[in-house]
Amino acid sequence: MKKLVLSLMALAAITFSLKAQTSGGPDTYGYTWRTDLDPNGPAYNWVEIDGLPNTVEVTTLTDDNVTSAIAFPTPFHYYWYDVSNFRIGSNGYITFSPTTNLASVIGGFPPIPAPGSQGDDYIGGFVTDLIFDPSQGRCYYNFTPNNDSVIVTFDSVPFWDAALSFTGANTFQFIFSYVDSSITVQYKEQTGASAATSGFLSTGIENNSGTIGLQYLFDIYPTALSAVKYYYPAVTTLAINDASTTYNDNTDNGAIFLSKNGGPYTLKTEVSNTGNQPLTTFNVKSEIRSATNILQVTSTTAAGPLNPGQSQLITQANAFTPSAAGAFFFRTDTQLPGDATPSNNRKDVEIQVIDTTLGAITLAYEAANASTTSVSWSGGDGGSAVYMKPSFSPYIINSVSEFITADANGNGYSMMIFDDNGLNGSPGTLLDSVFVAPATFTLNAWTTTQLTTPLVKNSGGFYLLWYMGGDQVAIGSVSTTPLSNRSFEVLVGSGPSSFASYRDRATNELMLRASISKVVSVTELEKGELFGNFYPNPSSSDKVSMTYDLTSSTASEFTVSVYDTKGQLVQNNLVSSPKGTLELNIHDLPSGLYLCKIGSGSMQVERRFTVIK
């Protein structure tokens, strides 16, 4: 008891000391902060935006997640660079980086500044373990009528705890002012407390390298009805020469699929001047390497000149010819001498080359058969997902596979497929959902789940979601590179609005796969082939057909055996004509994927077809 009293007394002393400080800085760049208690500081003046005609409510925040990018009315000046988009983090921050996710982890939230795996380039208004729930906590933002400021409000957001009995209420807002490039954070309400005792709260600003910033409060709660303002420096003597790779191939730097022997792939990348000094020219080097780091192709192009904030699209002269299936990565490095922020020079994008001549094509971002860690969400109301877009269309999704590592309570799980027809390619229509009952799958092994009916996609990609049936269910993940940057976490509800970037996507890959096949129409036999492919495929009619020509073979007859996905024989036929069209009656076959084995002596051929009814 005495020890507890002494700890509380020490904490009170620290609290008094920090609260007595009404200003701070400058940081290396020149930012300073002042509170409303400072004679030259801001006045607390809450701006109520709820209910205004141009206020937008954010409905995608849940637990430990980040929204997609929201465009500023015009770029906002932050440190020595302009930011065009912002993202709202559920744990009380605004970030300008697509990879920053300040999730609650063991050890707590980081002090400011601190380069780290959770990301940089953010405004920490009230960084603590918060949670949004349909009945508790709201967030909305507003662009003022003259676009002279942007306001983001967190309204009555509670603290999270392990029992999901949310406690407290925190109301605060960010005000980005275009008048003087300042950032003000106002605190209207603060009740309750975090369950953590260390690293539970951090407030301040941090730049894109995580090496420059200002800490306002750390492990001290802000006072209700107070304000802190971060002032942009009137003059800075810090000269920043910084060239960065913005993206390779796509703005998300997400993994792509290419077809084996599908033609050359052009290496395209965007680079930017993210410093505050003009850049003359600098080299940009791109290369393709195998997953085992064997160089496939390299190319270097001179970029620039670029003024601060300018970007340039680079098309490298040498292309990549995907002649072998497997995993590769597309890497770009800016090579500016004396670069101020080396951490933003490089971008890697995973490339998976798939053999599209196969009847069953596996889409996967990893090739592991054992997990290095497990992913599970407290409370059992969560899941994990990946986005996949094949290199061809149309195609059929026949089945999915998942690597489950635990189901301690016997809850089972669901496998779901979402279309990518949401806003800007986000999750949209739920295409299928299959519940996998407990004890019907083997732990620490791949489980194949057949869809309710095979899905035909005429274009685009899809989201594959594993969703927990209750607490203590876990899926595997691996840390082998390259990494897809296509993984998501889905918390508190399995709908499209719950998708957020997976917090560990920079270090781990979720163990989820999909099996697809081509849509095949009537085709002639290729020269030298004995058998074609089934058509139409998929088929919703009473038959599928295949052309064949055995006149160049010694075979006089062949057997045709059809198996379902469980390996059960469903049809068996004998064909004696050396040339013609093979027709199979599929009227009585249920929807699903079927394997047809064609044999005569040493000649063995496999073809697949899909039935949709």
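Draft legend 1. The packing of aromatic side chains, seen in detail. Enumeration according to the criterion identifies 49 aromatic pairs in this entry. Aromatic pair Tyr-29 and Tyr-31: ring centres 6.4 Å apart, planes at 40°, arrangement tilted. Under the relative-accessibility criterion, Tyr-29 is labelled buried at 4%. On the basis of relative accessibility, which here comes to 0%, the residue Tyr-31 falls in the buried class. Directly above the aromatic system of Trp-446 lies the positively charged group of Arg-513, at a separation of 3.8 Å from the ring centroid. Over the ring of Phe-392 we find Lys-518; its NZ or CZ atom is 5.7 Å from the centre of that ring.

Draft legend 2. Inspection of the sheet that holds strand S6 (residues 93-95) at higher detail. Sheet architecture is open: six strands sit in the order S4-S5-S6-S7-S12-S13, paired in antiparallel fashion. Each edge of the open sheet is held by one strand with a lone partner, namely strand S4 (70-78) and strand S13 (213-218). Put simply, the sheet's adjacent strands are angled 25° from each other on average, direction ignored. Sheet analysis places S6 next to strand S7 (residues 122-127), joined by three bridges and oriented antiparallel. Within S7, the position partnered with Tyr-93 by the bridge is Gly-124.

Draft legend 3. Inspection of the sheet that holds strand S37 (residues 558-563) at higher detail. What the four strands build is an open sheet, ordered S38-S37-S40-S41; its pairing is antiparallel. Bordering the open sheet on either side are strand S38 (569-575) and strand S41 (603-611), each of which pairs with just one other strand. Along the sheet, successive strands turn relative to each other by an average axial angle of 20°, direction set aside. Bridging between strand S40 (residues 592-600) and S41 involves nine bridges; their strand directions are antiparallel. When the bridges of S41 are listed, Gly-592 appears paired with Val-611.

Draft legend 4. Local environment of the environment of Gly-254. Mapped onto the elements of the fold, Gly-254 is located in the loop between strand S15 (243-248) and strand S16 (256-259). Spatially, the C-alpha atoms of Gly-254 and Asn-293 are 19 Å apart, while their sequence positions differ by 39 residues. The residues contacting Gly-254, other than those within four sequence positions of it, are Val-349, Ser-484, Asn-485 and Arg-486.

Draft legend 5. Main features of the pairing of strand S27 (residues 413-419). Here S27 lies mainly inside the structure; seven of its seven residues are buried. With six bridges connecting them, S27 and strand S28 (residues 430-436) associate as antiparallel partners. The residue bridging Met-415 from the neighbouring strand is Val-434, located in S28.

Draft legend 6. Focus on the nonpolar core. Counting residues in each nonpolar core, the largest one holds 46 residues, and the members touching the most others are Tyr-78, Ile-88, Phe-176 and Tyr-230. When residues of this core are assigned to their parent elements, the largest contribution, five residues, is made by strand S9 (residues 149-159). Counting residues in hydrophobic clusters, the runner-up holds 34 residues, among them Phe-257, Phe-392, Phe-462 and Leu-510.

Draft legend 7. Layout of the environment of Ala-303. Here Ala-303 is to be found in strand S19 (residues 295-303). Sequence-distant contacts of Ala-303, defined by excluding residues within four places in its chain, comprise Val-271, Thr-280, Thr-281, Phe-282, Val-284, Gln-312 and Ile-314.

Draft legend 8. Spotlight on the confidence of the model for the chain. For the chain, the average pLDDT comes to 89, and 94% of its residues sit at 70 or higher. Across residues 1-19, where pLDDT falls below 50, the model places five contacts with residues more than four positions away in sequence or in other chains.

Draft legend 9. Expanded view of the pairing of strand S5 (residues 81-89). Here five bridges tie S4 to S5, and the two strands are oriented antiparallel to one another. Residue Ile-70 lies in a different strand from S5, and its bridge partner there is Phe-86. Counting the residues between successive antiparallel strands, the hairpin from S4 to S5 contains two residues, one of them, Tyr-79, with a positive phi of roughly 50°. Inspection of the sheet shows S5 paired to S6 by three bridges, in the antiparallel sense.

Draft legend 10. Broad picture of unusual backbone geometry. Following Thr-481, the chain continues into Pro-482 via a peptide bond in cis, with omega recorded as 0°. Looking at the element boundaries, Pro-482 is found in the loop between strand S31 (473-478) and strand S32 (487-491). For the bond running from Asn-537 to Pro-538, omega is 15°, close enough to zero to count as cis. Along the polypeptide, Pro-538 turns up in the loop between strand S35 (512-518) and strand S36 (543-549).

Calculation notes
Residues numbered from 1 in each chain as written. Predicted model: local features only at pLDDT ≥ 70, side-chain atom pairs only at ≥ 80, totals over all residues. Heavy atoms only, no water. Phe/Tyr/Trp six-rings, centres within 6.5 Å; stacked < 30°, edge-to-face > 60°. Buried < 20%, exposed > 50% of the residue type's maximum accessible area, 1.4 Å probe, protein only. Lys NZ or Arg CZ within 6 Å of the ring centre and 35° of its normal. Pairing = 2+ DSSP bridges. Helix = DSSP H or I, 4+ residues; strand = E, 2+ residues; numbered from the N terminus. Axes fitted to C-alpha atoms, helices over the stretch in contact; angles between N-to-C directions. Contact = heavy atoms within 4.5 Å. Core = buried A, V, L, I, M, F, W, Y, C linked by side-chain atoms within 4.5 Å. pLDDT = per-residue confidence, 0-100.

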